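Analysis of the macromolecular model
Residue-level listing of the chains:
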Amino acid sequence: MSVGLASVVPPWLRSYQGSWLGRDIIAGATLAAVAIPECMGYTSIAQTPIVTGLYTIIFPTILFALLGSSRLLVVGADSATAALLAAGLGAAAITGATPGSQEWLAYTSVIALMAGVLLIIARVFKLGFLGDFLSASVLIGFLTGVGVQVATGQIPDLLGIPKGSGNWFQQQWSWITHLADTHGPTLLYGLATILIIKGFERFLPKVPGAVVAVLLLIGVSTVLDSSANGVAVVGSVQGGLPPIGLPEGMTLTDITDNFAVLLGIAFSCFILIIAQSAATSRSFAMKHGQGVDVNRDIVGLSGANVAAGLSGTFVVNGSPTKTQILDGQGGRTQLANLTMSGITLLVVLFFTALLTNMPKSVLAGIVFLIGVSLIDVKGLRIIARMRRSEFVIAVITAVVVCAVGVEQGIILAIVVSILDLVRRQYRPKDFVVAIDEQGKPEYEPATPGTVSVPGLVIFRYDAELFYANANRFVDDVEALIEAAPSPVEWLVLDASSVSDVDYSAARALKGLADFLAARGIVLAVARGDGSLLPSMEAYGLAEKVAPERRFANLDEAYQAFLARADQH
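Attention in this report is confined to the structure presented alongside it. Since this is a predicted model, take the numbers as computed values, not measurements.

**Looking at the overall build of the protein chain**
Helices and strands together make up the secondary structure of the protein chain, namely 25 helices and eight strands. Taking the principal axes of its C-alpha atoms as reference, the protein chain extends roughly 100 × 65 × 55 Å. Put simply, the protein chain has 568 residues, and 51% of those count as buried. Considering only contacts in the protein chain between residues 6 or more positions apart, those separated by 24 or more positions represent 81%. Accessible area of the protein chain: about 25200 Å², with a carbon and sulfur share of 63%. Looking at charge distribution, the protein chain has the averaged site of its 35 positive side-chain charges lying 6 Å from that of its 42 negative ones.

**Some words on a nonpolar patch on the surface**
A cluster of nonpolar residues, Leu241, Leu346, Leu349, Phe350, Phe351 and Leu354, forms a patch on the protein surface that exposes about 620 Å² of accessible area. Examined against the element boundaries, Leu354 turns out to sit in the loop between helix H17 (335-350) and helix H18 (360-374).

**Comments concerning H18**
Over its 15 residues, H18 runs 21 Å from end to end, which matches the ideal 21 Å to within 8%, given 1.5 Å per residue. Of all 15 residues that make up H18, 11 are buried, and the element is covered over most of its length.

**Topic: the sheet that holds strand S5 (residues 456-461)**
Adjacent strands of a sheet pair through backbone hydrogen bonds, lying either parallel or antiparallel. The strand order across the open sheet formed by six strands is S4-S3-S5-S6-S7-S8, and the pairing between neighbours is mixed. What marks the edges here is a single partner per strand, and that holds for strand S4 (441-445) and strand S8 (550-551). In this sheet, strand S7 (residues 522-526) lies alongside strand S6 (residues 490-494) in parallel orientation, the contact comprising five bridges. Looking at S7, one finds that Val492 is bridged to Ala524. Sheet strands touched by helix H22 (residues 470-483): strand S3 (430-435), S5 and S6. Its angle to S5, the strand with the most contacts, is close to 155 degrees.

**Some points on the side chain of Thr108**
Here Thr108 is to be found in helix H7 (residues 102-124). Among the polar contacts made by the side chain of Thr108, one reaches the main-chain carbonyl oxygen of Leu105 at a distance of 2.6 Å. What Thr108 contacts, discounting residues up to four positions off in sequence, is Thr48, Leu85, Leu89, Thr313, Phe314 and Val315.

**Observations regarding unusual backbone geometry**
Apart from glycine, the bulk of residues carry a negative phi angle, and the bulk of peptide bonds sit in the trans form. Within the chain, Gln47 stands out as a residue other than glycine whose phi angle is a positive 60 degrees. In this structure, Arg527 is a non-glycine residue whose phi angle is positive, near 60 degrees. You can see Arg527 is positioned in the loop between S7 and helix H24 (532-538).

**Examining the environment of Val138**
Turning to its location among the elements, Val138 is positioned in helix H8 (residues 136-153). For Val138, a relative accessible area of 1% translates into the label buried. A sequence separation of 258 residues divides Val138 from Ile396, and the C-alpha atoms of the two residues are 9.1 Å apart. Beyond its immediate chain neighbours, meaning those up to four positions away, Val138 contacts Ile393, Thr397, Ala413, Val416 and Ser417.

**A few points about the pairing of S5**
Counting buried residues in S5 gives six out of six residues, a clear majority hidden from the surface. Both faces of S5 are covered, namely the face carrying Leu456, Ile458 and Arg460 and the face carrying Val457, Phe459 and Tyr461. Inspection of the sheet shows S5 paired to S6 by five bridges, in the parallel sense. Its bridge partner lying in S6, Ile458 is registered against Val492.

**Brief notes about the nonpolar core**
Leu134, Phe142, Val146 and Leu262 are the most contacted members of the largest nonpolar core, which has 104 residues in total. The leading source of residues in this core is helix H14 (residues 259-287), at 11 residues. Those residues in contact with Phe142, other than ones at most four positions away along the chain, are Ala80, Leu84, Leu272, Thr397, Val401, Val406, Gly409 and Ile410. Counting 36 residues, the second-largest nonpolar core is a separate cluster that includes Ala463, Ala484, Ala513 and Phe515.

**Here we look at the packing of H7 against helix H15 (residues 294-309)**
Packing of H7 against H15 leaves a shortest axis separation of 7 Å and a crossing angle of 160 degrees. By the angle class used here, H7 and H15 are roughly antiparallel. Pair H7 / H15 crosses with left-handed handedness. Here Ser109, Ala112, Leu113, Ala115, Gly116, Leu119, Ile120 and Arg123 of H7 lie close against H15, whose contacting residues are Asn295, Ile298, Val299, Leu301, Ser302, Asn305, Val306, Ala308 and Gly309. For the contact of H7 with H15, the residue count by class is 10 nonpolar, six polar and one charged.

**Some details on the side chain of Thr397**
Position of Thr397 among the secondary structure elements: in helix H20 (residues 388-403). Leave out the neighbours within four places in its chain, and Thr397 touches Val138, Gly141, Phe142, Gly409, Leu412 and Ala413.

**Looking at the environment of Pro247**
The topology assignment puts Pro247 in the loop between helix H12 (209-224) and helix H13 (252-257). Considered as a pair, Pro247 and Arg381 are 134 residues apart in the sequence and their alpha carbons are 44 Å apart. In contact with Pro247, other than residues within four places in its own chain, are Ala106, Ser109, Val110, Leu113 and Gly309.

**Focus: the packing of aromatic side chains**
One pass over the structure, following the stated rule, counts 12 aromatic pairs. Ring centres of Trp168 and Phe169 lie 5.1 Å apart, and the angle between their planes is 80 degrees; on these two criteria the pair is classed as edge-to-face. Take Trp168: its relative accessible area is 19%, and that puts it in the buried class. Aromatic rings pair up to connect Trp12, Tyr16 and Trp20 into one cluster.

**Considering the pattern of salt bridges**
This model, assessed by the stated rule, comprises nine salt bridges. Among the salt bridges present, the one from Arg387 reaches Glu390, with a minimum N-O distance of 3.3 Å. Relative accessible area serves as the criterion here: at 16%, Glu390 is assigned to the buried category. Close ionic contact of Asp462 with Arg460 constitutes a salt bridge, the shortest N to O distance being 2.6 Å. Taking relative accessible area as the criterion, Asp462 reaches 32% and is therefore assigned partly exposed. Three or more residues are tied together by salt bridges with common partners; here these are Arg460, Asp462, Asp494 and Arg527.

Parameters and conventions
- Residues numbered from 1 in each chain as written.
- Predicted model: local features only at pLDDT ≥ 70, side-chain atom pairs only at ≥ 80, totals over all residues.
- Heavy atoms only, no water.
- Helix = DSSP H or I, 4+ residues; strand = E, 2+ residues; numbered from the N terminus.
- Buried < 20%, exposed > 50% of the residue type's maximum accessible area, 1.4 Å probe, protein only.
- Contact = heavy atoms within 4.5 Å.
- Areas by Shrake-Rupley, 256 points an atom, 1.4 Å probe, with all protein chains shown as cover.
- Lys, Arg positive; Asp, Glu negative; His and termini not counted.
- Charge placed at Lys NZ, Arg CZ, Asp CG, Glu CD.
- Patch = residues over 30% accessible without salt bridge, like charges linked within 9 Å, V, L, I, M, F, W, Y side chains within 5 Å.
- Salt bridge = Lys/Arg side-chain N within 4 Å of Asp/Glu carboxyl O.
- Expected span 1.5 Å × (residues − 1).
- Pairing = 2+ DSSP bridges.
- Axes fitted to C-alpha atoms, helices over the stretch in contact; angles between N-to-C directions.
- Polar contact = N/O pair within 3.5 Å; in protein donor to acceptor, adjacent residues only side chain to side chain.
- Core = buried A, V, L, I, M, F, W, Y, C linked by side-chain atoms within 4.5 Å.
- Parallel < 35°, antiparallel > 145°, perpendicular 65-115°, else oblique.
- Left-handed = near helix turned anticlockwise from the far one by under 90°.
- Nonpolar A, V, L, I, M, F, W, Y, C, P; charged D, E, K, R; others polar.
- Phe/Tyr/Trp six-rings, centres within 6.5 Å; stacked < 30°, edge-to-face > 60°.

Now the structure itself:
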């Protein structure tokens, strides 16, 4: 196979083994049994027609399988991105775009196209690192908040009462004050769905309880003619191939008039897609000792979202839960996902009529459990035990998602993660380093009065130097010198954690060098890497450190100080 052709062939296909075929097909069929009812349920979050949920695991999944790198990542509808989508469009209050309408669906497809374009831009300009600004603790808090919002949002449909309006608290108060209006048969269908799914999880975990619940309760609803007894049912579901082409129901003027709002929603989805998909892809690749090409996965996710926008559906994302199911069923490659897409396509083409009598509370029960599964109490407990500050950040993020909104929650999550990064860089740990008899460093907290040996301070700062922490760095060094029990003759900067300095940090270091020179203190640098010296020279800092005062390691610096002391 030529190099050019090899680069086009998906990585999972280049080394495909015939012995995997049966396992992949079985795993894909099992995954379809789980994904089909789940993706139909996600439409109640995105507030789009039920069939659009099925569309998300046809062409988008196929495009990712052909363009992506991950062998297992399952791409399709996702509760978090669906919630972001619905919250953003709802808050925008675009004229004519009401939940469930053709206009609403068209805008969700446009947002999918925008997310696809943002992803390809991220690939071209290597901006995939943006997803790293959602720390694991913040992502847990965000998804927990989404889980609470998704689960509680299904309660009215489970009870058979109208949904309230207003913010999250007002919506909860609405169903609480209308409990007396609960429709018994509707509630029974919802509870039966939950019990069947949980029962199969507990006693027959290899059997997808969701598809059993859907098929069984559709049968019960049909036999009992539940719709005639006041149970809300799905009704007629559009069959046939997904519509291929640009979104219908809107004009170019509609897009340009609302471009900023749509782009903001798409950007929020883009950040979440990169963070969640990359983390999922990495974790499963590492589990199996495989490499992962995140940049190629971004291309795959871009293609998947463009496919979603051009096939009448909404934003898609990598799904941790469905990927876990695929892995648990022994799936080895994306052929399993292609099998799922094929089965879903058959359902869309020939079997949508069977969904007509499905009670809406059945879907509500499925989505309710999906929401509950996102509430990561175990993860929050671990964070609380290991790092209290990150636990507080995670909880605040979850509360904002519920109380203010999902879109505001993702923005807060990004801002809080960046602020936490700056906080850590602003207040890193710093040390005074002593050298033991074997020449090995010993690190002591850099409290005023601490020295390496009388007359020598070897100072280590565990962060890059930049505008936010440079002055603090200088203040800490000056405090050590001022409080030293005997006059300091040498200051050695352990530069092993400093590979670069920005302009503000360079100015601060020049000031420190002048301070040391005024006191007759020698400035030396140890363990500076190859990229630090060019930065120092560019800012005129190199002349502040004589060539003979630049050391490869700390022991050399220490021995040089002792030799100088001996000369005196």
